[in-house]
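In case you want the letters, here they are:
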Amino acid sequence: PEPQHLYEMRHQDCRRYIRQQDLTLARSELELLTKSLRPWRGQPPWQAQLNARVLGTLAWLTEALGDVNASKRYALWRTQLST
């Protein structure tokens, strides 16, 4: 597993892609980051919190891209995390 600061940097990079309006790349990178942060028993609290932020960003982004089904799915996953 990557150290916390590397995960945080990857999330910041995704937010930069959004600001640069490269939404497809941002979505792809956020989805990869979500897979890396996938919840597991004993997950450190910071990882669950970051995963919630990433899923929130993904829910917003996919809705902006018109993918309502994915947006709802990411929002649901976010609410199911215990942060």
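Preceding this paragraph is the structure being described.
Criteria and cut-off values
- Numbering of residues starts from 1 in every chain and runs along the sequence as written.
- In keeping with the predicted nature of the model, local features appear solely for residues at pLDDT of at least 70, side-chain atom pairs appear and are counted solely at 80 or more, and the whole-chain, interface and lining totals rest on all residues.
- Side-chain figures throughout are based on the complete set of non-hydrogen atoms in the structure, without hydrogens or water.
- Side-chain rings of Phe, Tyr and Trp (the six-membered ring for Trp) are treated as a pair once their centres are within 6.5 Å; stacked means planes under 30 degrees apart, edge-to-face means over 60, and tilted covers the remaining angles.
- What counts as a helix is a DSSP run of H or I of at least four residues, what counts as a strand is a run of E of at least two, and both are numbered from the N terminus.
- Exposure is judged per residue with a 1.4 Å probe applied to protein chains only, and the accessible area is read against the type maximum: over 50% gives exposed, under 20% gives buried, and values in between give partly exposed.
- The criterion for a charge sitting over a ring is simple: Lys NZ or Arg CZ within 6 Å of the ring centre, and within 35 degrees of the ring normal.
- A pairing counts as a salt bridge when a side-chain nitrogen of Lys or Arg comes within 4 Å of a carboxyl oxygen of Asp or Glu.

Peer 1: In this structure, what is going on with the packing of aromatic side chains? I would like to understand it.
Peer 2: What the rule picks out here adds up to two aromatic pairs. With a centroid separation of 5.8 Å and an interplanar angle of 40°, the aromatic rings of Y7 and W46 are classed as tilted. Remark: W46 occurs in helix 3 (residues 45-64) and Y7 occurs in helix 1 (residues 4-19); sequence separation between them is 39 residues. The exposure class of Y7 is buried, given its relative accessible area of 4%. Assessed through its relative accessible area of 22%, W46 is described here as partly exposed. Considering the side-chain rings of Y74 and W77, the 5.5 Å spacing of their centres and the 80° angle between planes classify their relative orientation as edge-to-face. Pair noted here: Y74 and W77 are both in helix 4 (residues 68-80), with a separation of three residues, about one helical turn. Sitting over the ring of Y74, R73 keeps its end group 5.1 Å from the ring centre.

Peer 1: When you look at the pattern of salt bridges in this model, what are you seeing that I'm missing?
Peer 2: Opposite charge on two side chains allows them to pair when their charged atoms are near. Under the criterion given, the structure shown has four salt bridges. In this structure, E8 engages R53 in a salt bridge whose closest nitrogen and oxygen atoms are separated by 2.8 Å. Linking E8 in helix 1 with R53 in helix 3, this pair joins segments that are 45 residues apart in sequence. Judged by relative accessible area, R53 falls into the partly exposed class, the value being 35%. Between D13 and R16 there is a salt bridge; the shortest N-O distance is 3.0 Å. One end of the pair is D13 and the other is R16, both in helix 1 and three residues apart, which spans about a single turn. Here the salt bridges do not stand alone but share partners, grouping R27, E31 and D67 into one network.

Keep in mind these numbers describe shape, not what the thing actually does.
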